[in-house]
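Fold and contact review
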Amino acid sequence: MTEPQVPGKKPFLYVVACAAGVADDVGKLITAAQEANRDVGVVATPQGLGFTDTEAVEAQTGYPIRSAWRSPGEPRPGRAADAIAVAPATFNTVNKWAAGISDNLALGILCEAPAMGVPIAVLPYLNSAQAAHPAYRQSLERLRGMGVLIGSYEPHPPKAGGGAGRYRWEEALELLAPRLSVTP
Ligand SMILES: Cc1cc2nc3c(=O)[nH]c(=O)nc-3n(C[C@H](O)[C@H](O)[C@H](O)COP(=O)(O)O)c2cc1C
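Below or above, wherever it landed, is the structure these notes cover. (Residues numbered from 1 in each chain as written. Predicted model: local features only at pLDDT ≥ 70, side-chain atom pairs only at ≥ 80, totals over all residues. Heavy atoms only, no water.)

**Quick notes on the packing of aromatic side chains**
- One pass over the structure, following the stated rule, counts seven aromatic pairs.
- Measuring from centroid to centroid gives 5.6 Å for Phe12 and Tyr14, while their planes differ by 85°, and the two rings are edge-to-face. Per residue, the accessibility class of Phe12 equals that of Tyr14, and both read buried.
- An aromatic cluster is defined as three or more aromatic residues linked by ring pairs; in this entry it consists of Tyr125, Tyr153, Tyr167 and Trp169. (Phe/Tyr/Trp six-rings, centres within 6.5 Å; stacked < 30°, edge-to-face > 60°. Buried < 20%, exposed > 50% of the residue type's maximum accessible area, 1.4 Å probe, protein only.)

**Re the nonpolar core**
- Core analysis: the largest hydrophobic core is formed by 28 residues, its most contacted members being Ile84, Val86, Trp97 and Val122.
- Counting residues per element, the ones that place at least two in this core are strand S1 (12–17), strand S3 (83–89), helix H4 (91–99), helix H5 (105–112), strand S4 (120–124) and helix H7 (134–145).
- A total of five residues in this core trace back to one element, the largest contributor, which is H5.
- What Ile84 contacts, discounting residues up to four positions off in sequence, is Leu13, Tyr14, Val16, Ile109, Leu110, Ala113, Val118, Pro119, Ile120, Ala121 and Leu176.
- Counting 27 residues, the second largest nonpolar core, distinct from the first, contains Val22, Ala33, Ala44 and Val57. (Core = buried A, V, L, I, M, F, W, Y, C linked by side-chain atoms within 4.5 Å. Helix = DSSP H or I, 4+ residues; strand = E, 2+ residues; numbered from the N terminus. Contact = heavy atoms within 4.5 Å.)

This is the structure we're talking about:
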């Protein structure tokens, strides 16, 4: 799909941040995206909100972090996404998304976006015990079949402090690059 970018405007990247240990480093992805000439807005899962430095993210992006559904009757907030990076993506959100569960704003956006032609990259961050669950493998297969681009992070051992040092935030931009160019 080629996304409907507004001529002369930077592509708008949604970063969906879940409740994984590395979420407080999401600023690294925001910086990399801004350096690549993207505008960035962050949508956090309700749990993910507690894992991110809301003030820092809002100062960096210039947009409020979205996490809750709007009330019926409230106007639709903000710009539509030209692309979405789900980073960090938890075991929980990957499985719920693939199963079509839409019980928070982030999942609602993710469940609809593939059919709306919005390019999506997901960078899971989880441990090998979570990744060994058969549902997880099936979820990745299902997301791949929906056209979602999947990051290459090798899950870290459980209870071992994680692998933040080898989590490549910029991989989301690399995966999305062919689908997300600035319209002159
Ligand atoms: C300190 C802490 C770190 C966590 N790190 C991870 C993680 O790296 N990956 C993961 O899949 N879940 C992790 N979890 C579990 C998730 O936070 C939990 O499954 C949560 O329900 C996910 O919510 P979300 O998918 O809606 O963001 C962690 C939990 C805690 C308390």
